[in-house]
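# Coordinate inspection notes
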Amino acid sequence: MSSAVQDYFEGKIDFVGQQRVEEISRIWLFFFTALSFVLGFALQSLKLSFMLLGTSTVVLCVIVLPAWPMYNMHPVKWLPVVGEQTTKSS
Amino acid sequence: MRESTVHQTRLMFIWRLESRVTVMSACRALIHLSFLDANFQVFLRFHTMHSFFTRVNNVSALLSSCTMALLAAITIASLLQEAIYPPQIHGQISMKPVKVFNAKAPRQRRKQEMAFLNFNMTADLTPLFTWNTKQLFLSLEAEYENAQGVNNTVVLWDRIVRRPEDARVRVIGAKNKYAFKEIGGKGFSKGAATNASYALKYNLMPYVGVLRYGEAARISDVPFDVREEL
């Protein structure tokens, strides 16, 4: 029971999920930084720039930080356990 | 003896096969990526297991880099804007001759010559307010050369402007905020310059970027009118 709770709070995702999360966060932040600069310059408002960047970061955290099930669609297939070794272990 | 060494070599070989994939073997394995499935391919590039805090760390690092890039872009945009469209500020100062009295100020030990201004000033500083302007610091400065040949610049009046609505400066009959004394020399009447120039200077403080200085208005050769003692 406690290990399940621990697993939940650790928030592990599988490797394909990790790659996707990294891609999403990079593309998202790059796009929204560029957009906030362009909009702020066009409308001449620094406040707008940073509000846009802030809200986009919050939305990104909701999309990326929790271990959603869609990031656990490709769990690692471990090999079956090999039989016991008869040699002495170091 | 020979049998045990062969046995040990076999042990080490088995241990290597069963150990986790290291970076070195990953480089060698990358050559054979075509027949591995998607999961194992990705495993070769990440060799630690992600947790919630790893993702928090990564996202915050990316966010820091993006924020710094945004600030650098704003700075460069402001520099380019100033270079391509330099703001043309025109202002007017008019001043009556500056009266100099020899009197003792409160909390001072001895008498000193003090000059008193009475000036009108208008300037329109709205072109200076861009998206990157935090505030303007305006100062009226007197420039003169005293008997020792030293150039003095004294700030006599200042104002902080935070909004473009307040950027139209219009003062009528204003007096100097700060005492105007000739401290280094012998006072105004004994060999300091007979006249001085007065300039309205501004200091633009941006949110991000370099401070900018400029001059909005200037009046030259205003005489000092030294009066008798009070």
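The structure displayed is predicted, hence computed values, not measured ones.

### Notes on the overall build of chain B
Each helix and strand in chain B was counted, giving 4 helices and 10 strands. Ordered by position in the sequence, the α and β elements of chain B form the string α-α-α-α-β-β-β-β-β-β-β-β-β-β. Burial statistics for chain B: of 230 residues in total, 20% are counted as buried.

### Quick look at the environment of A:Val16
All names here are of chain A. Counting through the fold element by element, Val 16 comes out in helix 2 (residues 15-43). Of the residues examined, Val 16 has 19 C-beta atoms within 10 Å and is grouped as partly exposed. Note: C-alpha distance between Val 16 and Pro 75 (59 residues apart in sequence) is 8.5 Å.

### Topic: the sheet that holds strand 5 (residues 133-145) of chain B
Adjacent strands of a sheet pair through backbone hydrogen bonds, lying either parallel or antiparallel. Residue and element names in this part refer to chain B. Spatial strand order, 6-5-9-10-2-3-8: 7 strands in an open sheet with mixed pairing. In this open sheet, the two edge strands, each paired with only one partner strand, are strand 6 (151-161) and strand 8 (180-181). Alignment of strand 5 against strand 9 (residues 195-206), held across 10 bridges, turns out to be antiparallel. Each residue of the ladder has a partner; that of Leu 138, found in strand 9, is Tyr 202.

### Quick look at the packing of helix 2 of chain A against helix 4 (residues 52-84) of chain B
Interaxial distance between helix 2 of chain A and helix 4 of chain B falls to 10 Å at its minimum, and their mutual angle equals 25°. In terms of orientation, helix 2 of chain A and helix 4 of chain B fall into the roughly parallel class. Considering the relative orientation of helix 2 of chain A and helix 4 of chain B, their crossing is right-handed. Packed against helix 2 of chain A, whose contacting residues are A:Val21, A:Glu22, A:Ser25, A:Arg26, A:Leu29, A:Thr33, A:Ser36, A:Phe37 and A:Phe41, the element helix 4 of chain B presents B:Arg55, B:Asn58, B:Val59, B:Leu62, B:Leu63, B:Cys66, B:Ala69, B:Leu70, B:Ala73 and B:Ala77 at the interface.

### Considering the nonpolar core
All names here are of chain B. Core analysis: the largest hydrophobic core is formed by 28 residues, its most contacted members being Ala 115 and Leu 200. Elements that contribute at least two residues to this core include exactly strand 2 (98-103), strand 3 (112-116), strand 4 (119-124), strand 5, strand 6, strand 9 and strand 10 (212-226). Setting aside residues no more than four positions away along its own chain, Ala 115 makes contact with Val 98, Lys 99, Val 100, Phe 180, Phe 188 and Phe 224.

### Some words on the interface of chain B and chain A
The interface is formed by 25 residues belonging to chain B together with 33 residues belonging to chain A. Top element by residues in the side of chain B that touches chain A is helix 4 of chain B. It accounts for 12 residues.

Conventions we followed
- Residues numbered from 1 in each chain as written.
- Chains lettered and ligands numbered in written order.
- Predicted model: local features only at pLDDT ≥ 70, side-chain atom pairs only at ≥ 80, totals over all residues.
- Helix = DSSP H or I, 4+ residues; strand = E, 2+ residues; numbered from the N terminus.
- Buried ≥ 20, exposed ≤ 12 C-beta atoms within 10 Å, placed from the backbone.
- Pairing = 2+ DSSP bridges.
- Axes fitted to C-alpha atoms, helices over the stretch in contact; angles between N-to-C directions.
- Parallel < 35°, antiparallel > 145°, perpendicular 65-115°, else oblique.
- Left-handed = near helix turned anticlockwise from the far one by under 90°.
- Contact = placed C-beta atoms within 7 Å.
- Core = buried A, V, L, I, M, F, W, Y, C linked by C-beta atoms within 7 Å.

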